[in-house]
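Report on the structure
Now for the letters of each chain:
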Amino acid sequence: MAKKNSIKRIAVLTSGGDAPGMNACIRAIVRRGAACKCGIVGVRRGYAGLLERDTVILDPRTVANIIQRGGTFLETARCEEMKTAEGIKKAIWNLHQENIEGLITIGGDGTFRGAMALVDASDIQLIGIPGTIDNDIYGTDYAIGFDTAINTALNAIDKIRDTAGSLQRPFFIEVMGKDRGFIALDVGIAGGADSILIPETKTKIEELCSNMERNFRKGKRSCIVVVAEGDEAGGVFAIAQQVWERLKRDYRVCVLGHIQRGGSPTARDRILASKLGAAAVDALIEGKSGYMIGELNGEIALTPLKETCERKKELDNNLLQLMAVLAT
Ligand code: F6P
């Protein structure tokens, strides 16, 4: 059992791709910290800012009016130097210079790898919070930003469906997810897609073509194919081209891209971010370190950072099967 300790100064940083809800999470950390008499320091631009000691004192007033804003007001970065032993040493040195006893890192798998290296090489207490629209982190049902991203993508697909139906055209829509198909699967189901192509399942072009033709023969007026950015068949343009070569049907491609990363967070993302932010402060105060704070079945759950990096989050197979039934 971890004991209560007297941690007095906690730093927070956001790293990697930003995700809507990160601001709500920082706000919760700062305000929970203040309630527990812990000083909170913000590190700007993720690990890059940590290596440059780019820090700012955060008090409850400095995080006013950010709960509704997308992005991260602390800014973020992808930092190659944190992958080196020198970088880790410098980061630990800077944390000590700033009298930081605990660090909260908000981000995805790259963020947690850096965090693990810090835990292994120092006495700094560390808690990770999952913040990535990709939702591909083991140990949490949802990562901060996913709900907003899928609603943004869905909104776009609903609009595309109007024009797709009017001109009876197949649309190939690429959504984010460089390694995994979580966004594509949820958006595909919610958007009534005819097919969902994701890295986890093999894309069969012949099968895709015959499904499309069958659906048009049955009287469908449009065809929406949702493609995850990381699908193994070579990307949305290559897939669309291969279909065209077989069916010779006029088609359009739409890449939703970084639009999915922006915008005001949904209520669900704000609530999740608030819960995880406050729970991360509590975990540090209880003396815990080396964990990610997530939510599983509605309950706060701690998973060792090592596990979040090594284990693969499973896709919901029921959704995949449902997809096949509903797209007929
Ligand atoms: O990691 C989240 C993510 O949205 C991926 O799905 C996408 O491939 C990547 O970020 C793109 O990020 P950037 O253009 O910022 O490198």
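Before going into details, it helps to say that this report is about the structure given with it. Note that the coordinates shown come from a computational prediction; the quantities given were computed from them, not determined experimentally.

1. A look at the overall build of the protein chain
- Helix and strand counts for the protein chain stand at 11 helices and 11 strands.
- Its C-alpha radius of gyration of 22 Å places the protein chain within 12% of the 20 Å reference for a compact globule of 328 residues.
- In terms of overall dimensions, the protein chain has C-alpha extents of about 70 × 40 × 35 Å along its principal axes.
- Once local pairs closer than 6 in sequence are excluded, the contacts in the protein chain between residues at least 24 apart make up 77%.
- On the protein chain, roughly 14,500 Å² of surface is accessible, and the fraction owed to carbon and sulfur atoms is 51%.

2. Considering empty space enclosed by the protein
- If you walk through the whole model with that rule in mind, you get one cavity of 30 Å³ or more.
- Of the pockets and cavities examined, the largest cavity occupies roughly 30 Å³.
- Pro170, Phe172, Met212, Ala240, Val243, Trp244, Leu247, Arg249 and Tyr251 together form the lining of the largest cavity.
- Those elements that place two or more of their residues in the lining of the largest cavity are strand S6 (170-175) and helix H8 (236-247).
- The element contributing the most residues to the lining of the largest cavity is H8, with four residues.
- Of the residues in the lining of the largest cavity, the class split is eight nonpolar, no polar and one charged.

3. Some remarks on the environment of glutamate 232
- Tracing the backbone shows glutamate 232 in the loop between strand S8 (223-228) and H8.
- Residue class for glutamate 232 comes out partly exposed when judged on its relative accessible area of 39%.
- Taking the C-alpha atoms as reference points, glutamate 232 and tyrosine 142, 90 residues apart in sequence, are found 24 Å from one another.
- Not counting the four nearest positions on each side in its chain, glutamate 232 is found in contact with Ile198, Pro199, Thr201, Lys202 and Thr203.

So, how was this worked out
Residues numbered from 1 in each chain as written. Predicted model: local features only at pLDDT ≥ 70, side-chain atom pairs only at ≥ 80, totals over all residues. Heavy atoms only, no water. Helix = DSSP H or I, 4+ residues; strand = E, 2+ residues; numbered from the N terminus. Rg over C-alpha atoms; globule rule 2.2 N^0.38 Å. Contact = heavy atoms within 4.5 Å. Areas by Shrake-Rupley, 256 points an atom, 1.4 Å probe, with all protein chains shown as cover. 1 Å grid on protein atoms, 1.4 Å probe; cavity = no way out; pocket = protein on both sides within 12 Å on 5 of 7 lines; lining within 4 Å. Points joined across faces, edges and corners; volume = space filled by probe spheres on them. Nonpolar A, V, L, I, M, F, W, Y, C, P; charged D, E, K, R; others polar. Buried < 20%, exposed > 50% of the residue type's maximum accessible area, 1.4 Å probe, protein only.

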